[in-house]
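# Secondary and tertiary structure notes
Each chain is listed here by its residues.
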Amino acid sequence: MPEIAPPRGTRDILPPDSYAWRWLLDTHRSVVESYGYQPLDTPVMESTDLFARGVGADTDIVEKQMFTFSDRGGRSLTLRPEGTAGVVRAVLGKRLDQEMRPVRVHYAGPFFRAENPQRGRYRQFAQVGVECIGERSPALDAEIVEMAWRFFERLGITGLQLQLNTLGDRDDRARYREALVNYYTPLRDDLCDDCKRRLESNPLRLLDCKADARFAEKAPLIWDLLDAGSKEFFTTVAEMLEDADVVAHINHRIVRGLDYYTDTVFEIWHESLHGQQNSLGGGGRYDGLAEALGFPSTPGVGYALGVDRSLLVAEQLGVVPPPRPSCDALVVSVETPQARRAAAIARALRGAGLRVVLDVSDRRLDRKLRNADKLGAPLAVIIGEDEARDGTATIRDLSRRAQETVSEQAMVAVVTDALERLA
RNA sequence: GUGGCCAUAGCUCAGCUGGUUAGAGUGCCAGGUUGUGGCCCUGGAGGUCGUGGGUUCAAAUCCCACUGGCCACCCCA
């Protein structure tokens, strides 16, 4: 019915939902900053090349999910479908890794994929994420996973399952790739069309094809092909997570959709979400990414968590805190002649650091007070003819239905005290 | 991108097999109360029945297309 609706797969986040949204973002920031992660923002559009090289040309994202367009100079740009490539470009491009090592950063923002929308899946969706760039240590992999886990804990979301796997280093992956090709080639005629192509372009992704799941069951496991170093690295990560009381389900079949992962990969699933949309987020180590983007080889590890889906789960569980009232006091004038005086009083209260709404309607006083209830304001400051004449203000405690009239000089102190008592 | 279901006031929904001016609840605004609220009573505003086409004397109702939502597949957040 609105003539101009938001584009397919996008939506408006309006109050009061916007409070839940902010709660989640604040919680994330607070958790990761307690680990010393610093805020960062990168552009929502990047050179198409960044994702083609960074995410991997054979991934679904690059093949069919990117919003790509030309700017006026004919350059190909893309709305970012994920965050890691952009952050690595920014950090290494600006040589931030020369200043400190590792670089620990976090971000939050919108991402874009041209998917068919449904609940918990949008074309513009939001993620919070962290990246830790410049050092290779199992302690950092564990730190990342632990932060993600603590974040959900702080939100109060239960029923989560951590899926943990390792893809090994480049040599391991090469060996594994070969093993998969050897395994799947004799089956080639029975594979779906996509998988026939994957067999050449990206054999790892054969594993997460649902159509050919029966073959994946008997496929070789990466774990059996890892060298001693990779196994030890993973074992250390798992042990450190145990130390942190983070329960991990080792799952040697999760591969992740993006090409750049090495060693640790993980996903966090929630039992309540449907089908394959049960993933609230995931991440892993990407020691090969910097090089793929043309930077000096630099290790990194990070995660991205879906804001929309996490909020969906939080709402289902009823753990979203009720929105805090948006103001401490509503200032109302009983009649128009007192309007300017009321404005001045509102100004004085804001000067004392309070959140004050000025009622400018020409409604009756009872309607104005009704409005105060709706706003959730604990106090109303009433300026009528008497107050204007005497240089006073009436402070009404809306929950106790009690009020007192005080001099304007005392007003700020009385309001502040009343709010403290009520809090 | 493929398939299924759906679309009526801001919101939640009625509207039987097509038949005059399309309803309810809630929310909004106002009056009841010329300076006192969360309840109550009364009234009002608000809809090109998602959009466009078709069938018919007549369409919210039947048919088609488009748009959007939900669900499944794919994949992921």
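A few points on the structure.

Rules used throughout
Residues numbered from 1 in each chain as written. Chains lettered and ligands numbered in written order. Predicted model: local features only at pLDDT ≥ 70, side-chain atom pairs only at ≥ 80, totals over all residues. Heavy atoms only, no water. Salt bridge = Lys/Arg side-chain N within 4 Å of Asp/Glu carboxyl O. Helix = DSSP H or I, 4+ residues; strand = E, 2+ residues; numbered from the N terminus. Buried < 20%, exposed > 50% of the residue type's maximum accessible area, 1.4 Å probe, protein only. Pairing = 2+ DSSP bridges. Axes fitted to C-alpha atoms, helices over the stretch in contact; angles between N-to-C directions. Patch = residues over 30% accessible without salt bridge, like charges linked within 9 Å, V, L, I, M, F, W, Y side chains within 5 Å. Areas by Shrake-Rupley, 256 points an atom, 1.4 Å probe, with all protein chains shown as cover.

## Brief notes about the pattern of salt bridges
Close approach of charged atoms lets side chains of opposite charge pair. Summed over all chains, the structure comprises 23 salt bridges. The closest approach of N and O atoms between arginine 53 and aspartate 49, which form a salt bridge, is 3.2 Å. On the criterion of helical spacing, the pair formed by arginine 53 and aspartate 49 is a turn pair, its members being four residues apart in helix 2 (residues 48-54). Across the pair lysine 368 and aspartate 359 runs a salt bridge whose closest N-O atoms are separated by 3.8 Å. Each member of the pair, lysine 368 as well as aspartate 359, is classed as buried. Through salt bridges with shared partners, a single network forms among Arg136, Asp141, Asp263, Arg285 and Asp287.

## Section: the environment of glycine 229
Its place among the elements puts glycine 229 in helix 10 (residues 228-243). Placed 100 residues apart in sequence, glycine 229 and alanine 329 show a C-alpha to C-alpha distance of 63 Å.

## Regarding the sheet that holds strand 15 (residues 392-397)
With respect to topology, five strands assemble into an open sheet ordered 13-12-14-15-16, the strand pairing being mixed. The sheet is open, and its two borders are formed by strand 13 (356-358) and strand 16 (402-407), each paired with just one other strand. This sheet shows a mean twist of 25° between the axes of neighbouring strands, independent of strand direction. Pairing analysis gives four bridges linking strand 14 (residues 379-383) to strand 15, with the strands arranged antiparallel.

## So, a nonpolar patch on the surface
Together, Val44, Met45 and Phe69 make up a nonpolar patch on the protein surface, roughly 230 Å² of accessible area in all. For valine 44, the position within the fold is in the loop between strand 1 (38-39) and strand 2 (45-47). Among the residues examined, valine 44 registers a relative accessible area of 34% and is labelled partly exposed.

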